[in-house]
Amino acid sequence: MVSMKNISDICGVSIATVSKALNNQNDIGEETKERIRQVAKELGYFPNSSARALKTKRTYNLGVLFVDEAQSGLTHDYFANVLNSFKRVAEDKGYDITFISTGKDGEMRMSYLERCRYRGFDGVVIACVDFNNPEVEELVKSDIPLVTIDHSFYGRAAVISDNVTGMRELLTYVVGQGHKRIAYIHGADSAVTKNRLSSFFKTAEELGITVPDEYIKEAAYRSTRAAGEATKELLALKTPPTCILYPDDFSCFGGMNIIKEKGLRIPEDISVAGYDGLRIGRHIEPKLTTLRQDTEAIGAEAAKKLIDLIEKPKTTIIEQIVIGGEVYEGRTVLKL
């Protein structure tokens, strides 16, 4: 078995220098560092993770708590993109990531916190969960370094998409296209939904737009069926809207299907707009008008903040980082 001593003998340096090179420390020259790494690679040396953990008091492993109620898992485009960005930054900084479960069949069941302790995670990122779940609350209240995504919880660090500004900009764009009869199918109750809904009503009021109660419908996020049913109800109104906003792009596709089934054209007969900015929306006809969220920045900021909490706990500020988005105009909102 190859050891650091073998590498130090070949390179003519101390074991401490080998350790510094393999841990990318800055107090040795780049040429020496590269030489040591090359020899280690040629010899097939891999550091012992258990020994490293004993020495550094870290496992360099981050837990990811991701429980999607719709059971769409990593096919959930928005969170999949966020977590992909999170993973890339974490790996660049030398960390692995592991999804948190409560145990397989036959295993002793553990709570989320117990599983995190068992795995020895250095920190945890939480995305897309029921924050009213007592097990989630227990984990958030623990002393484990932690960052939440799209939810601010018990004074923990959080990275949040700017849903208030996003909805304001999307609705302002639609009104700017000449629409005054605008319906909104919003998602199920959550902090994200509340912020978007409040922003929708506030912006409508500021722009002088009246929104009848029957123009507001609820449909679960990413449910094409529920969004389709809500769309049917809106189209059946005596005075239907000229534009419908949806809780997310995926739901919007469900609404678009119903509109087409009714023999109506988008946007000539009725306009639609989604929310999220999924790539697929730019590859359909007509291209979907939507609020594009910056999933790359959300994931990257979450990883940076979590690693700072782990590596620099005394100087890292616990804060809420808000990431803005932008309106992608597409071609599904007709200019009246």
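Note that the coordinates shown come from a computational prediction; the quantities given were computed from them, not determined experimentally.

So, the pattern of salt bridges
- Under the defined criterion, the tally for this structure stands at 16 salt bridges.
- Between Glu-30 and Lys-33 there is a salt bridge whose closest N-O contact spans 3.3 Å. With Glu-30 and Lys-33 both in helix H3 (residues 30-43), this residue pair falls three residues apart, about one helical turn.
- On the basis of relative accessibility, which here comes to 56%, the residue Glu-30 falls in the exposed class.

Quick notes on the pairing of strand E4 (residues 146-149)
- Along E4, one buried face is formed by Leu-146 and Thr-148 and the opposite face, lined by Val-147 and Ile-149, is buried too.
- Here strand E3 (residues 123-127) runs beside E4; their pairing, made up of four bridges, is parallel. Along E4, the bridge assignment pairs Ile-126 with Thr-148.
- Handedness of the β-α-β unit built from E3, helix H7 (residues 134-140) and E4 comes out right-handed.

Side note on the packing of helix H5 (residues 77-92) against helix H12 (residues 295-311)
- Running from N to C, H5 and H12 point in directions that differ by 45 degrees, and their axes come no closer than 7 Å. It follows from the interaxial angle that H5 and H12 lie oblique. As for the relative orientation of H5 and H12, their crossing is right-handed in sense. From H5, Tyr-78, Asn-81, Val-82, Ser-85, Phe-86, Arg-88, Val-89 and Ala-90 reach across to H12, where they touch Thr-295, Glu-296, Ile-298, Gly-299, Ala-300, Ala-302, Ala-303, Lys-304, Leu-306 and Ile-307.
- Residues of the contact of H5 with H12, tallied by class, amount to 11 nonpolar, four polar and three charged.

Here we look at helix H6 (residues 112-119)
- Of the positions making up H6, those classed as buried are Tyr-112, Leu-113, Arg-115 and Cys-116. Taken around the axis of H6, the buried residues stretch over an arc of 160 degrees, which confines them to a single face.
- Residues of H6 that are buried sit in contact with strand E1 (61-66), E3 and H7.
- Looking one or two places after H6, you find Gly-120, whose phi comes out positive at around 70 degrees.

Focus on the sheet that holds E4
- With respect to topology, six strands assemble into an open sheet ordered E2-E1-E3-E4-E5-E11, the strand pairing being parallel. One side of each edge strand has no neighbouring strand; the edge strands of this open sheet are strand E2 (96-99) and strand E11 (320-323). Averaged over all pairs of adjacent strands, the angle between their axes in this sheet comes to 20 degrees, without regard to strand direction.
- Alignment of E1 against E2, held across four bridges, turns out to be parallel. What sits directly across from Gly-63, in E2, is Thr-98.
- Across the sheet, H12 lies against E1, E3, E4, strand E5 (157-161) and E11, angled at about 165 degrees from E4, the strand it touches most.

Structural notes on the state of the cysteines
- Throughout the structure, instances matching the rule amount to zero disulfides.
- Cys-252 supplies the cysteine sulfur nearest to Cys-243, a cysteine that is in no disulfide, at a spacing of 9.0 Å.

Points about helix H2 (residues 15-22)
- Residues of H2 that are buried: Thr-17, Val-18, Ser-19 and Ala-21.
- Following H2 by one or two positions, Asn-24 has its phi on the positive side, about 55 degrees.

Procedures and definitions
- Residues numbered from 1 in each chain as written.
- Predicted model: local features only at pLDDT ≥ 70, side-chain atom pairs only at ≥ 80, totals over all residues.
- Heavy atoms only, no water.
- Salt bridge = Lys/Arg side-chain N within 4 Å of Asp/Glu carboxyl O.
- Helix = DSSP H or I, 4+ residues; strand = E, 2+ residues; numbered from the N terminus.
- Buried < 20%, exposed > 50% of the residue type's maximum accessible area, 1.4 Å probe, protein only.
- Pairing = 2+ DSSP bridges.
- Right-handed = clockwise from strand over helix to strand, strands pointing away.
- Axes fitted to C-alpha atoms, helices over the stretch in contact; angles between N-to-C directions.
- Parallel < 35°, antiparallel > 145°, perpendicular 65-115°, else oblique.
- Left-handed = near helix turned anticlockwise from the far one by under 90°.
- Contact = heavy atoms within 4.5 Å.
- Nonpolar A, V, L, I, M, F, W, Y, C, P; charged D, E, K, R; others polar.
- Arc of directions from axis to C-beta.
- Disulfide = S-S within 2.5 Å.

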